[in-house]
Amino acid sequence: MTQQLKLQDAKKLMLSFDIGKLDFAKIIDNINNDKLLKQFSPDGICQIDPRNGNLVIYNSSRAKRIHTTVDNSQAVKDDMPCPICEGKSSDIFDLVEQSEGFTFINKNIYPIFHPIDEIPNEEADYFSHQDLEHKGRASYGFHLLQWTSSIHNKDWHNMPFADALISFKQLAKLEEILLYQPTNFMSRSVTKIDQQVVSGYISIIKNYGAAAGASLSHGHQQIAYSNILPQRFFNNLRFRKRHNKSFSLFMLEENPSELLVKDYGDVVLIVPYFMKRPLDMLLMVKDTNKRYLHQLSVHEKQQVTQGIQEAIRAIIALMENMKLQPAYNMIINNGPGCGLYLEFLPQTQKMGGYEQIGLFVCQANAADSAKQLREQIPS
Ligand SMILES: [Zn+2]
């Protein structure tokens, strides 16, 4: 029988059915008072590599994780007992039923960000932050997980469209709630939306497959809410300042048409001309004034969901053809510097020494990858 988390077991973990109706202070309290979370809480320091702006956050307790110590080939086996399906996870903040099962949001018990006791008076603007003594900057916030489905082997690529859309909308809703939360828990971000100041940064990523860093095979997204603007999003912001336009607008104008994978109308799926790894893709929202998921219209949300499903299906099929265990990262580029876009980074090649010095040796060319992807995706 398919493993899944049963609704009656989920209800035992429920703090709420709708995170939007939870008092935000209650969320912080719940996170602060979670003994398990404290045990695995990060060091709360973020250092910056002055050569290239790489950010490093430290979490020395993370090595104690059960799933990081098992070897990679085991981490993806579907017949292993799954702690999520067994209900051995943290409190649930949000749950929406789907045609089969449900999608839900809970706490990551191995957080990369955790609240700190005293929020330092630091410059939220990344361009003006100074660290003369190299103590690093404080990093804080919290770390949530969205389970795409309660059914163990269901994820974006094999869920009905309507169910995938529910999961996507739930993610957009969470992003909105965190950005506009009313407390002073988080430093103010450098950006404003419609003249409203928002707080913190929401970094949403997905790891799928052991080779892409997934420690659990039950399909999920990670949502980090923090004062730290990851380098990729900082670079989006820097790109905008330098070029006076967003990276996504630049790509919509400049990327060669032969690298188009699919045009959905309001959203477009492309292989970037600077592809670093075979099958890398970008899913770009054509309205480049939109910087966050929750700003998307009904149609845009539908098209982004369809794009996610089709891009991932194509990656999995093509990696299987290449005799590789399917594995990819999905990154949602939101925040102050965007044009909203999503990145799909399949683990089609390992990182070697040249890649570590910023010289990627790619075993395919962009035009061939785009052609293969077009052949996989229904037009
Ligand atoms: Zn499971």
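So, here's what we can say about the structure. As the structure is a prediction and not an experimental result, all values here were calculated from the model.

You can see A364 is positioned in the loop between helix 10 (353-356) and helix 11 (366-376). Exposure remark for A364: the 17 C-beta atoms within 10 Å place this residue in the partly exposed category. A sequence separation of 89 residues divides A364 from M275, and the C-alpha atoms of the two residues are 8.9 Å apart.

In this section: the sheet that holds strand 2 (residues 55-57). With antiparallel pairing, three strands are arranged side by side in an open sheet as 2-1-5. In this open sheet, the two edge strands, each paired with only one partner strand, are strand 2 and strand 5 (137-138). Alignment of strand 1 (residues 45-48) against strand 2, held across three bridges, turns out to be antiparallel. Looking at strand 2, one finds that Q47 is bridged to V56.

So, on to unusual backbone geometry. A cis amide bond links C338 with the next residue in sequence, G339, at an omega value of 25 degrees. Residue position: G339 is located in the loop between strand 14 (328-333) and strand 15 (341-346). Despite not being glycine, L279 has its phi angle at roughly 80 degrees, a positive value. If you trace the backbone, L279 turns up in the loop between strand 12 (267-270) and strand 13 (281-285). Backbone geometry places K323, a non-glycine residue, at a positive phi of 60 degrees. Mapping K323 onto the fold places it in the loop between helix 9 (298-321) and strand 14. Classification of K323 by C-beta neighbours within 10 Å gives exposed; the count is 6.

A separate point is the sheet that holds strand 10 (residues 220-226). Strand order in this open sheet of ten strands is 3-4-6-10-9-14-15-13-12-11, and the pairing throughout is antiparallel. Each edge of the sheet is formed by a strand with only one pairing partner; in this case those strands are strand 3 (92-97) and strand 11 (260-263). Adjacent strand axes in the sheet meet at a mean angle of 15 degrees when their direction is disregarded. Relative to strand 14, strand 9 (residues 201-208) runs antiparallel, the two being bridged by five bridges. Residue I205 lies in a different strand from strand 14, and its bridge partner there is I331.

Parameters at a glance
Within each chain, residue numbers correspond to sequence positions counted from 1 in written order. Where local features are concerned, this predicted model is filtered to residues with pLDDT of at least 70; where side-chain atom pairs are given and counted, the filter is 80 or more; whole-chain, interface and lining totals use all residues. Starting at the N terminus, helices and strands are each numbered in turn, a helix being any DSSP run of H or I of at least four residues and a strand any DSSP run of E of at least two. Between the buried cut of 20 or more and the exposed cut of 12 or fewer other C-beta atoms within 10 Å of a residue's own C-beta lies the partly exposed class, and all C-beta atoms are placed from the backbone. We treat two strands as partners when DSSP finds at least two bridges between them. Only the stretch in contact is used when a helix axis is fitted, and all axes are lines through C-alpha atoms; the angle between N-to-C directions ranges over 0 to 180 degrees.

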